[in-house]
Amino acid sequence: MTAAGGPLDPDSALDYLQNWQGRIERMAADTQAMSDRLGELRVSAEDGDGIVAVTIDSTGVLADLRFTERVQRIAPDASSRAVLTALRAARLKAAERSRQIIEETVGPDSIAGRTIAERMEQQLNGGSEA
C-alpha cells in the first residue's frame, strides 16, 4: 500500500483482496460450523422431584419426554407442573449451550453471533408457552 489516502499499487491491492477473501471464507466456514452444531444440539433436564425428564432441540421443541415411576403416585396437575418445570430448565440450558457454541465458532466479538445468541435466548426463554 502507499501513503494514507493514496492509490494502492497492484501487488498491495491483490494482497488486500486475497486477505479479504480469506476472512470471508473463514467467516462462512465458521458460520456453517455454528449452524451444524446448533442443528445437532439436544438438551435434557429433569424436574426437581425426579418425576419427568425432557429433551429439547436448539429451538426448544420437545424431542423426548420420559416419566419415572414416581408419576404414578402423584396427582395429574403435579405431573403437568413437573413437565413445565423440566421444560423451562431444558430451555435455560439450551440457551446457555447455544451461546457457548456461537462463541466457540464465530467468536465472542462477532456482532452477528451476539445477535443470533440473543434471538435464540428470546426464542427459548422469552414469551415461551412453558
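Residues numbered from 1 in each chain as written. Predicted model: local features only at pLDDT ≥ 70, side-chain atom pairs only at ≥ 80, totals over all residues. Heavy atoms only, no water.

Observations regarding the side chain of Asp47
Here Asp47 is to be found in the loop between β1 (42–46) and β2 (52–57). Within the buried set, Asp47 has no salt-bridge partner at all; the shortest N-O distance to an opposite charge, 6.6 Å, is to Arg70. In terms of polar contacts, Asp47 uses its side chain to reach the backbone amide nitrogen of Ile51, at 2.8 Å. Beyond its immediate sequence surroundings of up to four residues, Asp47 is in contact with Val52, Ala82, Thr85 and Ala86. (Helix = DSSP H or I, 4+ residues; strand = E, 2+ residues; numbered from the N terminus. Buried < 20%, exposed > 50% of the residue type's maximum accessible area, 1.4 Å probe, protein only. Lys, Arg positive; Asp, Glu negative; His and termini not counted. Salt bridge = Lys/Arg side-chain N within 4 Å of Asp/Glu carboxyl O. Polar contact = N/O pair within 3.5 Å; in protein donor to acceptor, adjacent residues only side chain to side chain. Contact = heavy atoms within 4.5 Å.)

Details of helix α1 (residues 10–40)
End to end, α1 covers 45 Å across 31 residues, agreeing with the expected 45 Å (1.5 Å per residue, within 8%). Three or more residues of α1 are buried, namely Ser12, Gly22, Met34 and Leu38. Here the buried face of α1 lies against α2 (76–106) and α3 (111–125). Here α1 starts with a cap whose side-chain oxygen sits 3.1 Å from the backbone nitrogen of Asp11, and that cap is Asp9. (Expected span 1.5 Å × (residues − 1).)

Observations concerning the sheet that holds strand β3 (residues 62–67)
In spatial order, the strands read β1-β2-β3; together these three strands make up an open sheet with antiparallel pairing. Each edge of the open sheet is held by one strand with a lone partner, namely β1 and β3. Taken over all neighbouring pairs, the strand axes of this sheet differ in orientation by 15 degrees on average, direction set aside. Across five bridges, β1 lies against β2 in antiparallel orientation. (Pairing = 2+ DSSP bridges. Axes fitted to C-alpha atoms, helices over the stretch in contact; angles between N-to-C directions.)

Quick word on the pattern of salt bridges
Under the criterion given, the structure shown has five salt bridges. Across the pair Arg37 and Glu104 runs a salt bridge, and its minimum N-O distance is 2.6 Å. On the criterion of sequence distance, the pair formed by Arg37 in helix α1 and Glu104 in helix α2 is long-range, its members being 67 residues apart. Residue Arg81 is joined to Asp77 by a salt bridge in which the shortest nitrogen-to-oxygen separation is 3.1 Å. Of this pair, Arg81 and Asp77 both sit in helix α2, four residues apart, roughly one helical turn. A network of salt bridges, in which partner residues are shared, links Arg37, Arg97 and Glu104.

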